[in-house]
Amino acid sequence: MKHQNLTEALGFFQAWLKSPMRVAAIAPSGRALARLITSEISQDTGPVIELGPGSGSFTRALIACGVKQEDLALIEFGSEFAAALHFRYPKARTLWMDATRLRTVDLFDGRRAGAVVSGLPLLSMPPRKIIAILAGAFRKMRVDGAFYQFTYGPNCPVPRRLLDRLGLEAERIGGTLANIPPAAVYRLRRRG
């Protein structure tokens, strides 16, 4: 393991020890999951919002897909992660805030995002918080935009009743055993 990866993993683990419900994983997402959650994104997607980027596993994958730093908005609640992301990706817009407040900020000078990539632990959140996050995210996206969410659970982390309430549909786009723990990715879109 490279020194930077070891440092990231240690920092991630320490953040988990401080706040296990907020971080919700003992290690950063692996490369296989990062490739899967970004597999439908390219430089043509336009601006991308990343919720809960943590140590930047998905951020690196987004940049590898051709998304420019200038077209990234990194929304991170953990101050230790937000500071490191700001340092590592100086051209991205890094905001230290709760993702439930997403609707209150202008991220790309009025341009709408083409996608949202979420590393948030939705399974450990109450329904009203999930609704606030999804409503804010879809308000910031183009009509054809997609919200990508991973989960360690066997089903979509957004309950059917919440999808129905928000007029969304979810589709599982794949899973990977090469992550600790194994994970699946869902794409959420507006219906019709």
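Residues numbered from 1 in each chain as written. Predicted model: local features only at pLDDT ≥ 70, side-chain atom pairs only at ≥ 80, totals over all residues. Heavy atoms only, no water.

Asks: Just to check I follow, could you spell out the sheet that holds strand S5 (residues 141–151) for this structure?
Replies: For sheets, the rule is that strands pair by backbone hydrogen bonds, running either parallel or antiparallel. Across the sheet, seven strands lie side by side as S3-S2-S1-S4-S5-S7-S6; this open sheet has mixed pairing. A single partner strand is all that each edge strand has here, and the edge strands are strand S3 (93–96) and strand S6 (168–176). Neighbouring strand axes in the sheet, compared pairwise and without regard to direction, differ in orientation by 20° on average. Here strand S1 (residues 48–51) pairs with strand S2 (residues 72–76) via four bridges, running parallel. Residue pairing across strands places Glu50 opposite Leu74, the latter belonging to S2. In the packing of helix H6 (residues 127–139) onto the sheet, contacts are made with S1, strand S4 (113–118), S5, S6 and strand S7 (183–190), and the angle to S5 comes to roughly 140°. (Pairing = 2+ DSSP bridges. Helix = DSSP H or I, 4+ residues; strand = E, 2+ residues; numbered from the N terminus. Axes fitted to C-alpha atoms, helices over the stretch in contact; angles between N-to-C directions. Contact = heavy atoms within 4.5 Å.)

Asks: Is there a simple way to explain unusual backbone geometry in this structure?
Replies: Most peptide bonds are trans, and most residues other than glycine sit at a negative phi. Residues other than glycine seldom take positive phi values, yet Asp109 does so here, at roughly 50°. Relative to the helices and strands, Asp109 resides in the loop between S3 and S4. Judged by its relative accessible area of 75%, Asp109 is exposed. (Buried < 20%, exposed > 50% of the residue type's maximum accessible area, 1.4 Å probe, protein only.)

Asks: What's the story with the packing of aromatic side chains in this structure? I'm lost.
Replies: We describe a pair of aromatic rings using the distance from one ring centre to the other and the angle between the two ring planes. Taken as a whole and assessed by the stated rule, the structure comprises three aromatic pairs. With 5.7 Å between their ring centres and 85° between their planes, Phe58 and Phe150 make a pair best called edge-to-face. Here Phe58, found in helix H4 (residues 57–64), pairs with Phe150, found in strand S5; they are 92 residues apart in sequence, far enough to count as distant. When its relative accessible area of 9% is taken as the criterion, Phe150 is described as buried. On the numbers, 6.2 Å between centres and 20° between planes, the contact of Phe138 with Phe147 is stacked. (Phe/Tyr/Trp six-rings, centres within 6.5 Å; stacked < 30°, edge-to-face > 60°.)

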